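Observations on chain architecture
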Amino acid sequence: MKKTFFMVAIVGLLFATACQNTDENKGAGTESQNSFDEILSKYKTDIPTKILTPNHVNSRIGDLEFYDGMPTQATINKVYDNLDFARGVDVFLNFIPATSIEGLRLGMKELGVDNYNKVMVMDKLLDATGLFLTGNASTVYASTFMDLEKNGPTVVEIPAGAGPGTVNDAFFRFVVDMGAPGPDRKKGGMYIILPPDYEGDLQVTPNSFKDNHSVKAEVGGVMRDVWIAQSKSYSNWLILRGFLVDGKPDAAAKMWKDGLKIYPMKDAKNPKRMEFISGSGKVFNTIHANNYDFYAELNDVIQKEPISFIDPELRGQAASIGIIKGEKFAPDARMEKILKDAIKVGNATARAISFSPRDKKAYIYEGKQWITGFIGKDYQWLDLDGHRGRNIDARTMFFYLATVNTPAMALEVPGVGSNYGFSAKDKNGELLYGEKNYKLHIDADVPAKDFWSIVVYDPQTRSMLQTDQDFPNKNSQKDPLVYNEDDSCDLYFGPTAPAGKEANWIQTVPGKAWFVLFRTYGPLEPWFKKTWQLNDFELVK
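Here the structure is a predicted model, which is why all the values come from computation and not from measurement.

What counts and what doesn't
Residues numbered from 1 in each chain as written. Predicted model: local features only at pLDDT ≥ 70, side-chain atom pairs only at ≥ 80, totals over all residues. Heavy atoms only, no water. Helix = DSSP H or I, 4+ residues; strand = E, 2+ residues; numbered from the N terminus. Buried < 20%, exposed > 50% of the residue type's maximum accessible area, 1.4 Å probe, protein only. Contact = heavy atoms within 4.5 Å. Pairing = 2+ DSSP bridges. Axes fitted to C-alpha atoms, helices over the stretch in contact; angles between N-to-C directions. Patch = residues over 30% accessible without salt bridge, like charges linked within 9 Å, V, L, I, M, F, W, Y side chains within 5 Å. Areas by Shrake-Rupley, 256 points an atom, 1.4 Å probe, with all protein chains shown as cover. Salt bridge = Lys/Arg side-chain N within 4 Å of Asp/Glu carboxyl O. Lys, Arg positive; Asp, Glu negative; His and termini not counted. Charge placed at Lys NZ, Arg CZ, Asp CG, Glu CD. Core = buried A, V, L, I, M, F, W, Y, C linked by side-chain atoms within 4.5 Å. Parallel < 35°, antiparallel > 145°, perpendicular 65-115°, else oblique. Left-handed = near helix turned anticlockwise from the far one by under 90°. Nonpolar A, V, L, I, M, F, W, Y, C, P; charged D, E, K, R; others polar. pLDDT = per-residue confidence, 0-100. Phe/Tyr/Trp six-rings, centres within 6.5 Å; stacked < 30°, edge-to-face > 60°. Lys NZ or Arg CZ within 6 Å of the ring centre and 35° of its normal.

**Here's the deal with the overall build of the protein**
Within the protein, the secondary structure is distributed over 10 helices and 22 strands. Dimensions of the protein, computed from C-alpha atoms along their principal axes, come out at roughly 90 × 65 × 40 Å. For the protein, with 541 residues in total, the buried portion stands at 50%. Restricting the contact set of the protein to residue pairs at least 6 apart, pairs at least 24 apart contribute 73%.

**With respect to the sheet that holds strand β15 (residues 418-423)**
In space, the 4 strands of this open sheet follow the order β15-β21-β17-β18, with antiparallel pairing throughout. Across the chains shown, the open sheet's two edge strands, defined by having one partner strand only, are β15 and β18 (473-475). Strand-to-strand twist in this sheet, taken as the mean axis angle between neighbours without regard to direction, amounts to 15 degrees. With 3 bridges joining them, strand β17 (residues 448-457) and β18 adopt antiparallel strand pairing.

**Brief notes about a negative patch on the surface**
Together, D445, E485, D486 and D487 give the surface a local cluster of negative charge. Within the fold, D487 resides in the loop between β18 and β19 (489-494).

**Looking at the nonpolar core**
F95, W237 and Y295 are the most contacted members of the largest nonpolar core, which has 74 residues in total. When residues of this core are assigned to their parent elements, the largest contribution, 7 residues, is made by helix α8 (residues 333-355). Once residues within four sequence positions are removed from consideration, F95 is found in contact with F171, F294, L298, I302, I310, L314, Q317 and A318. Ranked by size, the runner-up nonpolar core spans 41 residues in total, among them V121, V155, L202 and L240.

**Quick word on the packing of helix α2 (residues 73-94) against helix α7 (residues 312-319)**
In contact at an axis separation of 9 Å, α2 and α7 are set at 130 degrees when each is read in the N-to-C sense. Our classification of the angle between α2 and α7 gives oblique. Every pair of crossing elements has a handedness; the one defined by α2 and α7 is left-handed. Contacts between α2 and α7 involve D90, V91 and N94 on the former and, on the latter, L314, Q317 and A318.

**Looking at the packing of helix α3 (residues 96-110) against helix α9 (residues 392-401)**
Between α3 and α9, the least distance of the axes is 9 Å, while the angle of their chain directions is 15 degrees. What the angle tells us is that α3 and α9 run roughly parallel. Between α3 and α9 lies a crossing of left-handed hand. Seen from α3, the contacting residues are I96, P97 and S100; seen from α9, they are R395, T396, F399 and Y400. Of the residues belonging to the contact of α3 with α9, the class tally is 4 nonpolar, 2 polar and 1 charged.

**Focus on unusual backbone geometry**
One non-glycine residue, W381, adopts positive backbone phi at about 60 degrees. Along the chain, the position of W381 falls in the loop between α8 and α9. Accessibility expressed as a relative area gives 2% for W381, which makes it buried. Positive phi values are uncommon outside glycine, yet V404 reaches one of about 75 degrees. With respect to the helices and strands, V404 occurs in the loop between α9 and β15. A relative accessible area of 7% means that V404 is categorised as buried.

**Side note on the confidence of the model for the protein**
With 94% of its residues at a pLDDT of 70 or more, the protein shows a mean pLDDT of 92. With pLDDT under 50 throughout, residues 1-31 is counted as low confidence; its partners more than four residues away or in other chains account for 0 contacts.

**Topic: a nonpolar patch on the surface**
On the surface, V79, Y80 and L83 cluster together to form a nonpolar patch covering roughly 250 Å² of accessible area. With respect to the secondary-structure elements, V79 resides in helix α2.

**Digging into the packing of aromatic side chains**
In total, this model carries 32 aromatic pairs according to the counting rule given. Taken together, a centroid distance of 6.0 Å and an interplanar angle of 85 degrees make the contact between F95 and F171 edge-to-face. Residue F95 is located in the loop between α2 and α3, and its partner F171 is located in the loop between β7 (164-168) and β8 (174-179); the two are separated by 76 residues in the primary sequence. Of the two residues, F95 and F171, neither departs from the other in class, the shared state being buried. When the ring of F132 is compared with that of W237, the centres are 6.4 Å apart and the planes differ by 50 degrees; the resulting orientation is tilted. Of this pair, F132 sits in the loop between β4 (118-121) and β5 (139-147) while W237 sits in strand β12 (residues 235-243); the two residues are 105 residues apart in sequence, bridging distant segments of the chain. Taken together, the ring pairs in this structure connect F132, Y141, F172, W237, F374, W381, F398 and F399 into an aromatic cluster. The ring of Y365 carries the charged tip of K368 above its face, separated from the ring centre by 5.3 Å. Stacked on the ring of F471, the Lys or Arg K478 has its end atom at 5.4 Å from the ring centre.

**Focus: the pairing of β17**
The element β17 is extensively covered by neighbouring structure, given that 8 of its 10 residues are classed as buried. Relative to strand β21 (residues 515-523), β17 runs antiparallel, the two being bridged by 8 bridges. If you follow V456 over to β21, its bridge partner there is V516.

**Overview of the sheet that holds strand β16 (residues 437-442)**
Strand order across the open sheet formed by 4 strands is β20-β19-β16-β22, with mixed pairing between neighbours. Each end of this open sheet is capped by a strand with a single partner; those strands are β20 (505-507) and β22 (538-540). Between one strand axis and the next, the sheet turns through 30 degrees on average, direction left out of account. Taken together, the 3 bridges between β16 and β22 define a ladder with antiparallel strand orientation. When the sheet's bridge partners are listed, N437 is paired in β22 with V540.

In structure tokens:
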């Protein structure tokens, strides 16, 4: 009897609730219409309701109240808080390129690279000690910063044999390539980088791999063949890469130390002696902040660079949260609280965009997990050649994970530059877990003229994963990999090496996720045409 009574009571309660919800919905609709009726009664002609604002509006930020379209003070406060929050998120997402370059500058400074004649060289390769966005352990980096405001037009002499090299400005925009993809075509030569406010006689040269015409210019009293580029910013990052010889970095490191020269054009007759600082095995950080400090880093960039460094739209976005050239960044307690919340959401958004992009064009192969860094095959992320404007999510994804922006990484020129694939999931779309074991089958005849490599990264730092291995990577040029009879190769990933597979194993860390970049140096036609494809990671149980 009690059971029957209980069931009847439950049914009655559900029916009453349903009726109440229905009545409430009817009431809400009636109330809304009544609100419009009252508003419309004040007009002498028919007014379309789509242009009107009810006195009460439900929204994702709460209830919004109006009197005849005029927001109440509570609504005004609420929407302005929301607007400042949204602007704070947008500033984080859209200014990652600027703060990433600033992070690199500060990281170089940690190592003592604080002038144009001081260069960080990874003479024993980049390892997992330094924090460097998706850096590689397959080439010998030479890196420094140029201050064109302080030093004016600056000369860079690079030696013959240089691999891919690039100058990027303070918003990570491409300035010029050097070395293999540059106009010197790996033969070496002299480049002059002009500041944004340069007003002299030097004219920018074409500077492409295909159009490599140099011009004559007087440098230190001598007429020289030079390539000339102009930056939009004062601060510029020079990053050069040298290839391994016999699997070792020694020859490339010597090439930089013997042949790389950087000096202001005005000091060409008596340049400072070059200093080379080893970055291998050193603890340093080149990554921008993901907390409130991000805005301070951005403010430093805005104060340093000319006002023309970014366009009015971006300038206005920064100004809307108080970052304005020539003014102190000093948000009040209310704004600081909002921005601290905005940075949390901005960081979460960047991570979602980067590790799980919703843009179908991000995926290199249909039905697979491999992702390209240059969505739309454009180094400026202009969608459909600009018809759809700039793909800002694609730009966010790239710069949250990576550094170096050059057309050579986006163009499909067989045998030139480099091209990458990125993956953070297995074949079933699941995250890659450090406590589990995976296999990656690399088909034979990898379409890379120079070599291929794969590196494992930490999703927290987006830098090399720190394990018992100094270099969490495999490189077809330097590692004694074991190949299958058909020249294919199986790579293994997990906390411990499978028996007999140590040569092909990269260690992971239990309790940590991981992701990889697969690089082809000198990518060949099958890579671009996708007649050769990467396989997905397979979970090994």
